[in-house]
Amino acid sequence: MKFEDLLLEIGGFGRFQILTLSILCLTRTNLPMHFLLHNFLAATPSHHCAIPQQEAFMNLTMEEVLLISIPREPDGTFRSCEMFSHPQFHLLLNSSLQPENNSIIQHCQHGWVYDHSQFTSTISTQWDLVCEQRGLNQATATFFFIGVTMGAVVFGYLSDRFGRKAMLLLSLVCSVIFGMLSASSVSYSMLVITRTLTGVALSGISLIVIPFAMEWVDIQHRTFSGVLISIFWSIGNMLLAMIAYLVREWHWLLVAVTGPCLLSIVCLWWVPESARWLIANGKVKQAHRHLLRCARMNGRKDFAVSPELFLSFHLPQALRRMTTDKKPGESYSYISLFRTPVLRKISLCSGAVWFGVAFSYYGMSMNLTGFGLNVYLSQFVFGIIEIPAKMIMYVLVNRLGRRQSQAWALILTGLCIGANVIIPKPFTSLRSVVAIMGKGFSEAAFTTVFLYTSELYPTVLRQNGMGYTSFVARLGGALAPLVFLLDEVWKPLPEVTYCGVAVCCGMVAFLLPETLNVRLPEGIEDIE
């Protein structure tokens, strides 16, 4: 007897599953508010060098003071990182002239002046992470994703060892603690450390929620459940835009996006541990209790005495026969993912796909320019774009299958990024349309990969598999913001890099097995 047969007996998608999904969806909205927070936390407003002894120019307007103190770019804008070593008063007579002698131009000597019209304060303005320190600003996101990467390894193993619910609660509690510590940071070093630890904690939520939900629903509703939970990522995206619009000071912004984790902690106490995990680990009595609770909520009061499952006092024995052939004392680890041929191939290919998905997604999500909109509206639009993409994927993964949907979504993401390298800059409308399409394909690829991966690995290794693939994905997420710095080598190089990685990794997805309408594997022998 398979677990799916039991789910049909107790109601594979009833009131119990709907309430469980609702709570897990609420939990998932916390993720994008931190994962994409860098767009606002580390935003760099327009700035210029601070001008010393500015009171000496009281008879000049601010524009004239800047004209004699700051050199200009070819397009007429003032430079952000350079100033004249002494005032150039002759420019007041002919502002079109620019000094040809570069020896009178120097880097900012007295700090910077920032435009606070859009952001009251960010970490860029707090610690002057601009110009020569620009790399430290981008590194903030990289350190966060390094934390997420480490957390994927930790929580992937622990949730297979100690259970889904316990580790999800631990993840949420730690997220609140480190999120609040980040908000109270008094130095850049403290912020980097606390954001890295926040990334470790949040990784548990990212890793556990979808497989946890998949283990409670029947085959027919797995796709729907996966897409529904993924839609709440997009809702979190939009919530981030609204919260950031209302809270313009970075300390309080961190408090605002961390607070909802407390609500998730309260709600999660109701959700029971995964019965599938309990059975796979020999905890049959607990699984029996949760299954009876599920049956009662779903109106299947005859479940305990159904002829197919014998009498109620025989039910634990029936459940015990469903456990995998796990020997006493045997444990699984990440090494188990590479011990057998088929599982080894799945692990290598799924790792490559996850890297490509995360690398291209965060490459697009952390570049909110090109829409002709302000940063808040761009973030909100990005969230809205994702929802129809997920609706379409709901249909496609059930018609075309997981493998084809995954591969083509990722390949088309790369092609859209590459197209914007070729399309001339004056064609802003066309570039915006292509960027929107690319963002949609990118989110479609991310939606599919979570569902697909949770179906590829057996129950005894599912969280280890999700931990491993999430680890590889977060490497992609950690590298994505640093790739922006390559524009100093060649302006289109970041986009070319995102394009190439997405297309290559999309092609690797064709090597994975199809899982459409296939029972979730319980043990390694089901895979092999």
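Identification of the protein as Solute carrier family 22 member 7 from Corythaixoides concolor is taken from an unreviewed UniProt entry. We quote the UniProt Sequence similarities (unreviewed entry) comment for the protein here in full: "Belongs to the major facilitator (TC 2.A.1) superfamily. Organic cation transporter (TC 2.A.1.19) family."

S.K.: An account of the overall build of the protein is requested, with residue identities and associated values reported.
M.R.: Scanning the protein from terminus to terminus reveals 22 helices and four strands. In terms of overall size, the protein behaves like a compact globule, its C-alpha atoms giving a radius of gyration of 26 Å where 528 residues would be expected to give roughly 24 Å. Overall size of the protein, expressed as C-alpha extent along the three principal axes, is 100 × 45 × 40 Å. Burial status across the protein gives 56% buried among its 528 residues. The long-range fraction of contacts in the protein, counting pairs at least 24 apart against all pairs at least 6 apart in sequence, stands at 80%. Of the roughly 21700 Å² that the protein leaves accessible, carbon and sulfur atoms contribute 66%. Each charge sign in the protein was given a centre, from 38 positive and 33 negative side chains, and these centres are 12 Å apart.

S.K.: Give a detailed account of the environment of Ser234, specifying residues and quantitative values.
M.R.: By secondary structure assignment, the location of Ser234 is in helix 10 (residues 222-246). Residues Ser234 and Phe380, 146 residues apart in the sequence, show an inter-C-alpha distance of 9.2 Å. Ignoring sequence-local partners within four residues, the contact set of Ser234 consists of Gly383, Glu386, Ile387 and Lys390. A polar contact is formed between the side chain of Ser234 and the side chain of Glu386, at a distance of 2.7 Å.

S.K.: Go over the nonpolar core, please, and point to the residues and values.
M.R.: Ranked by size, the top nonpolar core spans 120 residues in total, and within it Phe35, Phe40, Phe145, Leu168, Leu268, Tyr362 and Phe446 carry the most contacts. The biggest single contributor to this core is helix 9 (residues 188-214), with 12 residues. Here this core spans two domains, and each of domain 1 (1-32 + 132-325) and domain 3 (331-527) adds at least three residues to it.

S.K.: Break down empty space enclosed by the protein for me, with residues and values.
M.R.: Across all of its chains, the model carries four cavities of 30 Å³ or more by this definition. If you trace the largest cavity, you find it lined by Arg28, Ser206, Ser230, Trp233, Tyr361, Tyr362, Glu443, Phe446, Thr447, Phe450 and Arg474. Every element with two or more residues in the lining of the largest cavity is listed here: helix 10, helix 16 (341-365) and helix 19 (428-456). Looking at the lining of the largest cavity element by element, the count peaks at four residues for helix 19. Here the residues of the lining of the largest cavity sort into five nonpolar, three polar and three charged. Both domains that meet at the lining of the largest cavity, namely domain 1 (1-32 + 132-325) and domain 3 (331-527), each give it at least three residues.

S.K.: How would you explain the packing of helix 7 (residues 134-162) against helix 8 (residues 164-183) if you had to name every residue and give the values?
M.R.: Direction vectors running N to C along helix 7 and helix 8 enclose 140°, while the axes themselves pass 7 Å from each other. The angle between helix 7 and helix 8 falls in the class oblique. When helix 7 is examined against helix 8, the residues Phe155, Leu158, Ser159, Asp160 and Phe162 are found in contact with a partner set consisting of Arg164, Ala166, Met167, Leu170 and Ser171. Across the contact of helix 7 with helix 8, the residue classes tally to six nonpolar, two polar and two charged.

S.K.: Report on the layout of surface pockets, specifying residues and quantitative values.
M.R.: Counted as a void, the second largest pocket has a volume near 240 Å³. Of all elements in the fold, only helix 17 (375-399), helix 18 (402-422) and helix 19 reach the threshold of two or more residues within the lining of the second largest pocket. The greatest single-element share of the lining of the second largest pocket, amounting to six residues, is contributed by helix 17.

S.K.: Before we move on, can you summarise the environment of Ala502 with the specific residues and values?
M.R.: In this structure, Ala502 sits in helix 21 (residues 493-508). Taking the relative accessible area as the measure of exposure, Ala502 reaches 0% and is therefore buried. Expressed as a C-alpha distance, the spacing of Ala502 and Ser360, which sit 142 residues apart in the sequence, is 6.1 Å. Beyond its immediate sequence surroundings of up to four residues, Ala502 is in contact with Ser360, Leu410, Ile411 and Gly414.

S.K.: Outline the packing of aromatic side chains, supporting the account with residue identities and numerical values.
M.R.: Inspection of every chain in the model, using the stated rule, returns 28 aromatic pairs. When the ring of Tyr361 is compared with that of Tyr362, the centres are 5.2 Å apart and the planes differ by 90°; the resulting orientation is edge-to-face. Looking at Tyr361, the relative accessible area reads 0%, which means it is buried. Ring geometry for Phe446 against Phe450: centres 5.8 Å apart, planes inclined by 15°, an arrangement best described as stacked. Here the residue Phe446 and the residue Phe450 both occupy positions in helix 19, the gap between them amounting to four residues, near one helical turn. We classify Phe446 as buried; its relative accessible area is 6%.

S.K.: Now, about the side chain of Thr413: what can you tell me, with residues and values included?
M.R.: Among the secondary structure elements, Thr413 is positioned in helix 18. Taking relative accessible area as the criterion, Thr413 reaches 0% and is therefore assigned buried. In this structure, Thr413 is in contact with Ser360, Met364, Gly438, Phe441 and Ser442, ignoring residues within four places of it in sequence.

S.K.: Tell me what's going on with the pattern of salt bridges, and back it up with residues and numbers.
M.R.: Applying the stated criterion to the full structure yields 11 salt bridges. Residue Arg222 is joined to Glu455 by a salt bridge in which the shortest nitrogen-to-oxygen separation is 2.9 Å. With Arg222 in helix 10 and Glu455 in helix 19, this pair connects stretches of sequence that are 233 residues apart. It is possible to trace a salt-bridge network through shared partners that takes in Asp160, Arg164, Glu215 and Arg462.

Cut-offs and rules
- Residues numbered from 1 in each chain as written.
- Predicted model: local features only at pLDDT ≥ 70, side-chain atom pairs only at ≥ 80, totals over all residues.
- Heavy atoms only, no water.
- UniProt positions renumbered as here; feature names shortened; annotations may be inferred.
- Helix = DSSP H or I, 4+ residues; strand = E, 2+ residues; numbered from the N terminus.
- Rg over C-alpha atoms; globule rule 2.2 N^0.38 Å.
- Buried < 20%, exposed > 50% of the residue type's maximum accessible area, 1.4 Å probe, protein only.
- Contact = heavy atoms within 4.5 Å.
- Areas by Shrake-Rupley, 256 points an atom, 1.4 Å probe, with all protein chains shown as cover.
- Lys, Arg positive; Asp, Glu negative; His and termini not counted.
- Charge placed at Lys NZ, Arg CZ, Asp CG, Glu CD.
- Polar contact = N/O pair within 3.5 Å; in protein donor to acceptor, adjacent residues only side chain to side chain.
- Core = buried A, V, L, I, M, F, W, Y, C linked by side-chain atoms within 4.5 Å.
- Domains from an automatic or database assignment.
- 1 Å grid on protein atoms, 1.4 Å probe; cavity = no way out; pocket = protein on both sides within 12 Å on 5 of 7 lines; lining within 4 Å.
- Points joined across faces, edges and corners; volume = space filled by probe spheres on them.
- Nonpolar A, V, L, I, M, F, W, Y, C, P; charged D, E, K, R; others polar.
- Axes fitted to C-alpha atoms, helices over the stretch in contact; angles between N-to-C directions.
- Parallel < 35°, antiparallel > 145°, perpendicular 65-115°, else oblique.
- Phe/Tyr/Trp six-rings, centres within 6.5 Å; stacked < 30°, edge-to-face > 60°.
- Salt bridge = Lys/Arg side-chain N within 4 Å of Asp/Glu carboxyl O.

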